[in-house]
Amino acid sequence: MTDFKLITDAQWRERLNPEEYRVLRQAGTEAPHVGEYTDTTTEGVYSCRACGEELFRSTEKFDAHCGWPSFFSPLAKDKIIEKEDLSLGMRRIEVLCANCGSHMGHVFEGEGFNTPTDLRYCINSISLRLEEKPVSN
Ligand SMILES: [Zn+2]
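Reading the values: rules and limits
- Residues numbered from 1 in each chain as written.
- Predicted model: local features only at pLDDT ≥ 70, side-chain atom pairs only at ≥ 80, totals over all residues.
- Helix = DSSP H or I, 4+ residues; strand = E, 2+ residues; numbered from the N terminus.
- Rg over C-alpha atoms; globule rule 2.2 N^0.38 Å.
- Buried ≥ 20, exposed ≤ 12 C-beta atoms within 10 Å, placed from the backbone.
- Contact = placed C-beta atoms within 7 Å.
- UniProt positions renumbered as here; feature names shortened; annotations may be inferred.
- Pairing = 2+ DSSP bridges.

Novice: Would you mind going over the overall build of the protein chain in detail, with residue names and values included?
Specialist: Helices and strands together make up the secondary structure of the protein chain, namely 2 helices and 9 strands. Listing the helices and strands of the protein chain from first to last along the sequence gives α-α-β-β-β-β-β-β-β-β-β. Here the C-alpha atoms of the protein chain give a radius of gyration of 14 Å, agreeing with the 14 Å that 2.2 N^0.38 yields for 137 residues. On the principal axes, the C-alpha backbone points of the protein chain span a range of 45 × 40 × 30 Å. Within the protein chain, buried positions represent 32% of all 137 residues. Counting contacts in the protein chain only where the partners sit at least 6 residues apart, residues at least 24 apart contribute 58% of the total.

This is the structure we're talking about:
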């Protein structure tokens, strides 16, 4: 199995297209409302586009009207890493793929959405790849 933590920056540039590289490896953000999964309600599992690890499911996806795919929970807590991000002059919590360290997006809490967790994992579509399949709880 590939150890994704050992992949060099040059190898990531070969594996990903420029926009994927900018978001996944340089913690970029795709423009709102343009991502391919923003309004997707298809049943399935969302994997990390960099390494293929399954991270989120359609059963935890909800419509936050924020312009990016939003989930109230990851598939499992240990699938992701949450890290303080003080860039842009604010305190946010960055969400990374635990398997390869690629940037997924940010998580926000206490926004009052009617979800089981009151968390919003705001994830870039380009960081994900959806596989359509039945999801069981
Ligand atoms: Zn990954």
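We are not done yet, so read on.
Novice: If you had to explain the UniProt feature "domain: MsrB" (unreviewed entry) in the protein chain to someone new, which residues and values would you point to?
Specialist: Taken from the UniProt record, the annotation "domain: MsrB" (unreviewed entry) applies to residues 9-133. Helix makes up 11% of residues 9-133 and strand makes up 34%, while its end C-alpha atoms are separated by 32 Å.

Novice: Residues and numbers for the sheet that holds strand S3 (residues 61-62), please.
Specialist: Strand order in the open sheet formed by 6 strands is S3-S4-S8-S7-S6-S5, and the pairing between neighbours is antiparallel. Where the open sheet ends on each side, the last strands, each with one partner, are S3 and strand S5 (80-85).

Novice: Now, about the environment of isoleucine 7: what can you tell me, with residues and values included?
Specialist: With respect to the secondary-structure elements, isoleucine 7 resides in the segment before helix H1 (9-15). What makes isoleucine 7 partly exposed here is the crowd of 18 C-beta atoms within 10 Å. Along the primary structure isoleucine 7 and cysteine 100 are separated by 93 residues, whereas in three dimensions their C-alpha atoms are 8.7 Å apart.

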